[in-house]
Amino acid sequence: MRLRRTDDVIEHEVEQLTLARDMLDWLGAIAMWNPVSSTANAIRELFGNPVPTGGSWIEQNAALMAVAWPVLITVIFLPLAVGKFRNLSR
């Protein structure tokens, strides 16, 4: 990545972007189903800079998953954290 300063604005130039479809199968699956990847792809798409995808469901529905991942993580870990906190006072 190169940084270039022009008129007090720093521009980022990405020289090469590694797509999940170009990775090993198991590594590409982890990269596609990563909550950070879904959020980053959704932000890129919303700002008009979409990344070419491999056509998988998770990549095509990045905006939906950017909302679903935090909800799912909260639903799973909030009760666990509350239960652990309650057990600390005993």
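Quantities reported herein were computed from a predicted structural model and do not represent experimental measurements.

### Some details on the packing of helix α2 (residues 35–46) against helix α4 (residues 62–88)
Argument step 1. Packing of α2 against α4 brings their axes to within 7 Å, and their N-to-C directions diverge by 140°. Taken together, α2 and α4 sit at an angle that is classed as oblique. In the crossing of α2 with α4, the sense of the turn from one axis to the other is left-handed. For the pair α2 and α4, contact is made by Pro 35, Ser 38, Thr 39, Asn 41 and Ala 42 and by Ala 62, Ala 63, Met 65, Ala 66, Trp 69 and Ile 73, respectively.

### Regarding the confidence of the model for the protein
Note that predicted coordinates carrying low pLDDT should not be read in detail.
Argument step 1. In this model, the protein carries a mean pLDDT of 82, and residues with pLDDT of at least 70 account for 81%.
Argument step 2. For the protein, strand β2 (residues 9–13) is the element with the lowest average pLDDT, namely 51, and α4 is the one with the highest, namely 95.

### What about the layout of surface pockets?
Argument step 1. Of the voids in this model, the largest pocket is the one considered here, and its volume is about 230 Å³.
Argument step 2. Taken together, 17 residues line the largest pocket, and the ones lying closest to its centre are Thr 18, Ala 20, Ser 37, Asn 41 and Glu 59.
Argument step 3. Tallying contributions element by element places α2 first for the lining of the largest pocket, with four residues.
Argument step 4. Split by residue class, the lining of the largest pocket holds ten nonpolar, five polar and two charged.

Rules used in this analysis
Residues numbered from 1 in each chain as written. Predicted model: local features only at pLDDT ≥ 70, side-chain atom pairs only at ≥ 80, totals over all residues. Heavy atoms only, no water. Axes fitted to C-alpha atoms, helices over the stretch in contact; angles between N-to-C directions. Helix = DSSP H or I, 4+ residues; strand = E, 2+ residues; numbered from the N terminus. Parallel < 35°, antiparallel > 145°, perpendicular 65-115°, else oblique. Left-handed = near helix turned anticlockwise from the far one by under 90°. Contact = heavy atoms within 4.5 Å. pLDDT = per-residue confidence, 0-100. 1 Å grid on protein atoms, 1.4 Å probe; cavity = no way out; pocket = protein on both sides within 12 Å on 5 of 7 lines; lining within 4 Å. Points joined across faces, edges and corners; volume = space filled by probe spheres on them. Nonpolar A, V, L, I, M, F, W, Y, C, P; charged D, E, K, R; others polar.

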